[in-house]
Amino acid sequence: MKQKRIYNISIAGCGKVAHLHAKAILNIPDARLAGVWSRTPETAAEFASRYNTEAYADISGMVTKNRSDLVIVCTPHPFHRQPAIEAANAGACVLVEKPLASGLVDCDAVINTCRERNVKLGVVSQRRWYSPSLRVKRAIDDGKIGKPALAVITMLGWRDRAYYDADAWRGTWKDEGGGVLVNQSPHQLDLMLWYMGDIDEVYGLWRNLNHPYIEVDDTALAIVKFKSGAIGNILVSNSQKPGLYGKVHVHGENGASVGVQTDGGAMFIAGRSGVAEPPVNDLWTVPGEEKMLAQWVKEDTEIFNKYDPTVYYMQCQIEDFLKAIENDTDPMVTGEAGRKTVELFSAIYRSTRDNTPVKFPLMP
């Protein structure tokens, strides 16, 4: 009988979200938390002690010494590039927290390095594993709404001053690279792109409505033209107390509509709050399936209450990545998919700056 392989997974960066990844790894039978690195050695040592692993002074040495199969990059997104490239150059596959980077130059540097080193690259977008999100994708792929014709993202949330004051890089163009579009919206943007395909053109507009102490956007709008001929509308904001919901809806050419509310109640903040409400399908008019919503909400709520959702869906994505390594296939969320999200929010910023629609593809 073939012995089951145990995958060595290391973590780069010991911030709030790293704890969720560590707990997820510990739940995976064929995975081992092999090591951790942080820009602050004391933080790495404390993290390693908490999760019974080893702290390392540099990423290359960590990958080499513990034979890391995968490094999960959990540094703040302005600092994703360096650890991702070091891990890839040392021979490990790389899974990067969202967004892949705050700009396309860093995205391309990471993607090209992983390609040259022949290692797999993925970007964390665990909301793809929500049952309601998968249900929407299957309905589209099965032709239940005909050709997708219109996509709508509505994400209304809240971030207070304490959130922005928690780290020096937050709320600045130089370090964070943007606001609500860069930090809070990537999950919804990724789902829309997953459902609708590539973009042809974007016209966007951002504003800072009620956060005068930051430089960047707390609210953004966009009109999207997809290459398929479909259109889309995006509204995302951090300006509504206490935070309401995040929704992605898709309307089809046959008149049927499907949708997922990925977030409800106060918006989730890693290390500061839990997931307030279970993800659910809040819109479903597929002929013959209109009455399924109540059953699905019940089933999805039971799953939500059975597990810690902040950890469980991280585990689902890590397990998907390990299967990709095992079978030499692409993970569900590739580096290129992560780049498309960065391309989209970059286009909205450029469109606001130049007051004109922006054509795709976007060059760095």
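The shown structure was predicted, so the numbers you read here are calculated from the model rather than taken from an experiment.

Analysis parameters
Residues numbered from 1 in each chain as written. Predicted model: local features only at pLDDT ≥ 70, side-chain atom pairs only at ≥ 80, totals over all residues. Heavy atoms only, no water. 1 Å grid on protein atoms, 1.4 Å probe; cavity = no way out; pocket = protein on both sides within 12 Å on 5 of 7 lines; lining within 4 Å. Points joined across faces, edges and corners; volume = space filled by probe spheres on them. Helix = DSSP H or I, 4+ residues; strand = E, 2+ residues; numbered from the N terminus. Nonpolar A, V, L, I, M, F, W, Y, C, P; charged D, E, K, R; others polar. Pairing = 2+ DSSP bridges. Contact = heavy atoms within 4.5 Å. Axes fitted to C-alpha atoms, helices over the stretch in contact; angles between N-to-C directions. Expected span 1.5 Å × (residues − 1). Buried < 20%, exposed > 50% of the residue type's maximum accessible area, 1.4 Å probe, protein only. Phe/Tyr/Trp six-rings, centres within 6.5 Å; stacked < 30°, edge-to-face > 60°. Lys NZ or Arg CZ within 6 Å of the ring centre and 35° of its normal. Core = buried A, V, L, I, M, F, W, Y, C linked by side-chain atoms within 4.5 Å. Right-handed = clockwise from strand over helix to strand, strands pointing away. Polar contact = N/O pair within 3.5 Å; in protein donor to acceptor, adjacent residues only side chain to side chain. Left-handed = near helix turned anticlockwise from the far one by under 90°.

Asker: In this structure, what is going on with the layout of surface pockets? I would like to understand it.
Answerer: Unfilled space is identified by rolling a water-sized probe across the atoms. Each pocket or cavity is described by its volume, and for the second largest pocket that value is around 260 Å³. Along its surface, the second largest pocket is lined by 13 residues, and Val119, Lys120, Leu121, Asp330 and Glu336 are the ones closest to its centre. The leading source of residues in the lining of the second largest pocket is helix H5 (residues 104–117), at 3 residues. For the lining of the second largest pocket, the per-class residue count stands at 5 nonpolar, 3 polar and 5 charged.

Asker: Got a minute to help me understand the sheet that holds strand E9 (residues 219–226) in this structure?
Answerer: Where strands meet in a sheet, backbone hydrogen bonds hold them as pairs that are either parallel or antiparallel. Taken in spatial order, the 8 strands of this open sheet run E13-E12-E11-E7-E10-E9-E8-E14, and their pairing is mixed. Either end of the sheet is taken by a strand with one partner, and the two such strands are strand E13 (280–284) and strand E14 (358–359). Here helix H12 (residues 335–354) sits on the sheet and contacts strand E8 (199–207), E9, strand E10 (231–237) and E14; the angle it forms with E8, its principal contact strand, is near 60 degrees.

Asker: Help me understand helix H11 (residues 309–327) in this model?
Answerer: One turn of the α-helix equals 3.6 residues, which is why residues spaced by three or four share an orientation. Compared with the 27 Å implied by 1.5 Å per residue over 19 residues, the 27 Å span of H11 between its first and last C-alpha is a close match. Burial runs high along H11: 14 of the 19 residues are buried. Aspartate 328, located one to two residues past H11, shows a positive phi value of around 55 degrees.

Asker: What is the right way to look at the packing of aromatic side chains in this model?
Answerer: For any two aromatic rings, the description comes down to two numbers: the centre-to-centre distance and the angle of the planes. Counted by the stated rule, this structure contains 11 aromatic pairs. Here tyrosine 312 and tyrosine 313 contribute two aromatic rings whose centre-to-centre distance is 4.9 Å and whose plane-to-plane angle is 80 degrees, an arrangement assigned as edge-to-face. By relative accessible area, tyrosine 312 is classed as partly exposed at 24%. The structure contains a cluster of three or more aromatic residues connected by ring pairs, namely Tyr130, Tyr307, Tyr312 and Tyr313. Its end group placed over the ring of tyrosine 163, arginine 170 keeps NZ or CZ at 4.3 Å from the ring centre. If you follow lysine 247 out to its NZ or CZ, it ends over the ring of tyrosine 245, 4.7 Å from the centre.

Asker: How should the nonpolar core be read in this particular structure?
Answerer: Grouped together as the largest cluster of nonpolar side chains are 104 residues, with contacts concentrated most on Tyr195 and Leu344. Of all the elements, H11 adds the most residues to this core, at 8 residues. Setting aside anything within four residues of it in sequence, one finds tyrosine 195 in contact with Ser133, Val136, Lys137, Ile140, Pro148, Val248, Val250 and Val260.

Asker: What is the right way to read the sheet that holds strand E3 (residues 55–56) from this model?
Answerer: Taken in spatial order, the 6 strands make up an open sheet running E3-E2-E1-E4-E5-E6, and their pairing is parallel. Since the sheet does not close on itself, it has two edges, and those belong to E3 and strand E6 (121–123), each with one partner. For strand E4 (residues 70–73) and strand E5 (residues 93–96), the ladder comprises 4 bridges, and the chain directions are parallel. Bridging across to E5, valine 71 finds its partner in valine 94. Against the sheet, H11 makes contact with strand E1 (7–12), strand E2 (31–37), E4, E5 and E6, and its axis sits at roughly 155 degrees relative to E5, the strand it touches most.

Asker: How should empty space enclosed by the protein be read in this particular structure?
Answerer: Tallied over the entire structure, the rule returns 3 cavities of 30 Å³ or more. As a volume, the largest cavity reaches approximately 60 Å³. Around the largest cavity, the lining residues are Lys98, Pro99, Leu100, Val123, Val124, Ser125, Pro186, Asp190, Val333, Ala337, Gly338 and Thr341. Of the residues forming the lining of the largest cavity, the biggest block, 3 residues, is contributed by H12.

Asker: Looking at this structure, how should I read the side chain of glutamine 315?
Answerer: Inspection of the secondary structure puts glutamine 315 in helix H11. Beyond its immediate stretch of four places on either side in the chain, glutamine 315 contacts Ala24, Asn27 and Ile28.

Asker: What exactly am I supposed to notice about the pairing of E2 here?
Answerer: In the case of a regular strand, side chains alternate between the two sheet surfaces. Taking burial as the measure, the 7 residues of E2 include 6 buried ones, the bulk of the element. The β-α-β motif built from E1, the intervening helix H1 (residues 16–26) and the parallel element E2 has right-handed crossover chirality. In terms of strand pairing, E2 meets E3 through 2 bridges, oriented parallel. Pairing of tryptophan 37 across the sheet is with tyrosine 56, part of E3. Note on the crossover from E2 through helix H2 (residues 41–50) to E3: the handedness is right-handed.

Asker: Explain the environment of proline 361 here, please?
Answerer: Looking at the secondary structure, you find proline 361 in the segment after E14. Taking the C-alpha atoms as reference points, proline 361 and leucine 344, separated by 17 residues in sequence, lie 9.6 Å from one another.

Asker: When you look at the side chain of arginine 127 in this model, what are you seeing that I'm missing?
Answerer: Structurally, arginine 127 is set in the loop between E6 and helix H6 (131–141). Residue arginine 127 is classed as buried on the basis of its relative accessible area of 6%. Here the side chain of arginine 127 touches histidine 187 through a polar contact of 3.0 Å, side chain to side chain.

Asker: Can you help me understand the packing of helix H3 (residues 59–66) against helix H4 (residues 81–89) in this one?
Answerer: The packing of two helices is summarised by the inter-axis angle and the distance between the axes. Two elements in contact, H3 and H4, have axes separated by 8 Å at closest approach and are oriented at 35 degrees. As H3 packs across H4, the resulting crossing turns out to be right-handed. In this structure, H3 uses Ile59, Ser60 and Val63 to contact H4, whose residues at the interface are Gln82, Pro83, Glu86 and Ala87. Class assignment for the residues of the contact of H3 with H4 results in 4 nonpolar, 2 polar and 1 charged.

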